[in-house]
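Chain and residue survey
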Amino acid sequence: MAGVLSGVYNTLIRSNGVFLSTIFAGAFATEILFDTGSNAIWNRINKGRQWKDIKHRYMDAGEDDE
Amino acid sequence: MFARTSLRTARAFANAKTGATRTVVSQQRNASSQSSAESAPTWKNTATLSASTILAIGSCTWYYTQFGRTAHAMTMQEEGLHATPYPWEHEKFLKTYDHAALRRGFQVYREVCASCHSLKRIPWRTLVGTMMTVDEAKALAEENEYDTEPNNEGEIEKRPGKLSDYIPSPYKNDEAARAANNGALPPDLSLMVKARHGGCNYIFSLLTGYPEEPPAGAVVQSGLNFNPYFPGTGIAMARVLYDGLVDYEDGTPATTSQMAKDVVEFLNWSAEPEMDDRKKMGWKVMAIGSVLFALSVWIKRYKWSVVKTRKLQYNPPALTGLPNKMNPRQARR
């Protein structure tokens, strides 16, 4: 445990620039992960109700006309 | 009861004042006269008490009937029948609109409602991506003519509609609408779900609630129709939705209730087009917020752990100069 913690400290926290970059990258990664996951759950709950689920019916019909 | 007791007390005081020598005599006289002397006051007391009780109850009743009851500005008929609550799927916390229903509902609006009701606040562009493709919406917009900006001669010409135009109204203005509808103004439907008590339930009940004929005793003015859900029960709009009125392109049977349900969901969308995004954002906020709340609870407990787990020890100072009874230690010895 102590070895892991000191490893984290030495690699990520010791240098200010690396620490700041870690925070920024972590924020971006967390947001992307959270958004992707929550959107996936949302789309599963509302499967078949949203426009993107039904638009293929009308998009295909439109392309046939052209 | 209280009156009799006080009478007795008064007599007792009178006896005490007359002196010790006459005490025995007066007591005897008091005892002998009690039955005859008290018969008249008892009857009067009962009458007084009964009268005052009746007066109190009566005045309370009068006051309540006069001022205590709930005041209704309108009769029940004028209020209209309360709409039945229906289990709308799109009103659930985590459900979006059923966009196929929105598409059907817009078809119902276009083919049925739009002959009288405007939808002023909805531009064609909002239909794109919610219930229509770009090409479909463009084609619909181009069917209508709109005024251009004044040209070099100051003339205003007509041009076909664009996606940025708003859905055209059936009448030029409210006065024209009134004139065409026997004096009754068909309200704009853009925000109708938000504008009426009961929202979706009210509009659905209104559309499907026309009886075959008005009930016996109901007064329906000429030019009006009977609908129990409409405040006042006399509505200028006749029943419009009948089975098979429109042909749904997705093959859904066009029953009256199906069309009413679709158009109500469409009108809910037109009143709250942001609902899908709002609900999606809302539950994300709840998810992140609950994590942050749990974190803040943990931090509070962490910070307070020092205070909560400390032990206070009180050593009272030695009180040598005081006498024994003031000093508990010395008193105990």
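Just above sits the structure.
Residues numbered from 1 in each chain as written. Chains lettered and ligands numbered in written order. Predicted model: local features only at pLDDT ≥ 70, side-chain atom pairs only at ≥ 80, totals over all residues. Heavy atoms only, no water.

Comments concerning the packing of aromatic side chains
Definition in use: Here a pair means two rings of Phe, Tyr or Trp (six-membered ring of Trp) with centres within 6.5 Å. Their orientation is stacked below 30 degrees between planes, edge-to-face above 60, and tilted elsewhere. Secondary structure elements follow DSSP: runs of H or I no shorter than four residues count as helices, runs of E no shorter than two count as strands, and numbering proceeds from the N terminus. When a residue's accessible area, from a 1.4 Å probe over protein chains only, is under 20% of the maximum for its type it is buried; when over 50% it is exposed; and in between it is partly exposed. Throughout this description, the term charge over a ring refers to an Arg CZ or Lys NZ atom that lies within 6 Å of the ring centre and within 35 degrees of the ring normal.
The full count for this structure, using the stated rule, is eleven aromatic pairs over all chains. Plain terms: the ring middles of Tyr86 of chain B and Phe204 of chain B are 4.8 Å apart, the flat faces sit at 70° to each other, and that makes the pair edge-to-face. Remark: Phe204 of chain B occurs in helix H8 (residues 199-208) and Tyr86 of chain B occurs in the loop between helix H3 (76-79) and helix H4 (99-111); sequence separation between them is 118 residues. Exposure remark for Tyr86 of chain B: the relative accessible area of 33% places this residue in the partly exposed category. A connected cluster of aromatic rings, assembled from ring pairs, spans Phe106, Tyr109, Phe266 and Trp269 of chain B. If you follow Arg103 of chain B out to its NZ or CZ, it ends over the ring of Tyr58 of chain A, 3.5 Å from the centre.

Focus: the interface of chain A and chain B
Put simply, the rule reads: Two residues form a contact once any of their heavy atoms are found within 4.5 Å. As used here, buried area is the combined drop in accessible area, with a 1.4 Å probe, of two parts when they are placed together. Should a side-chain nitrogen of Lys or Arg be within 4 Å of a carboxyl oxygen of Asp or Glu, the pair is scored as a salt bridge. Throughout, the ten residues Ala, Val, Leu, Ile, Met, Phe, Trp, Tyr, Cys and Pro are labelled nonpolar, Asp, Glu, Lys and Arg are labelled charged, and all others, Gly among them, are labelled polar.
In this complex, chain A contributes 17 residues to the contact, which on the side of chain B involves 27 residues. Sorting the residues of chain A by area buried against chain B places Trp42, Arg49 and Trp51 of chain A first, and these three jointly supply 45% of that buried surface. Our count for the contact surface shared by chain A and chain B stands at one salt bridge. Close ionic contact of Asp35 of chain A with Lys284 of chain B constitutes a salt bridge, the shortest N to O distance being 3.2 Å. Mapped by element, the contributors of at least two residues to the side of chain A that touches chain B are helix H2 (16-45) and helix H3 (51-65) of chain A. Element by element, the count of residues in the side of chain A that touches chain B is highest for H2 of chain A, at seven residues. A per-class count over the side of chain A that touches chain B returns eight nonpolar, five polar and four charged.

Observations concerning the side chain of Thr256 of chain B
Tracing the sequence through the fold places Thr256 of chain B in helix H9 (residues 256-271). Given a relative accessible area of 10%, Thr256 of chain B falls into the buried group.

Considerations on the packing of H2 of chain A against helix H10 (residues 275-309) of chain B
In plain terms, the rule: Between the N-to-C directions of two axes lies an angle of 0 to 180 degrees, each axis being a line fitted to C-alpha atoms and, for a helix, fitted only over the stretch in contact. Orientation labels follow simple angle bins: below 35 degrees gives roughly parallel, above 145 gives roughly antiparallel, 65 to 115 gives roughly perpendicular, and whatever is left gives oblique. Whether a crossing is left-handed or right-handed is set by the direction in which the near helix is turned from the far one by less than a right angle, anticlockwise for left-handed and clockwise for right-handed.
Where H2 of chain A meets H10 of chain B, the closest approach of the two axes is 11 Å, and the angle between their N-to-C directions is 125°. What the angle tells us is that H2 of chain A and H10 of chain B run oblique. H10 of chain B is crossed by H2 of chain A, and the crossing has right-handed handedness. Judged by residue contacts, Phe34, Asp35, Ser38, Asn39, Ile41 and Trp42 of chain A of H2 of chain A engage Asp276, Lys279, Lys280, Trp283, Lys284, Ala287 and Ile288 of chain B from H10 of chain B. Broken down by class, the residue content of the contact of H2 of chain A with H10 of chain B amounts to six nonpolar, two polar and five charged.

In short, the description is geometric, and any link to function would need to be established separately.
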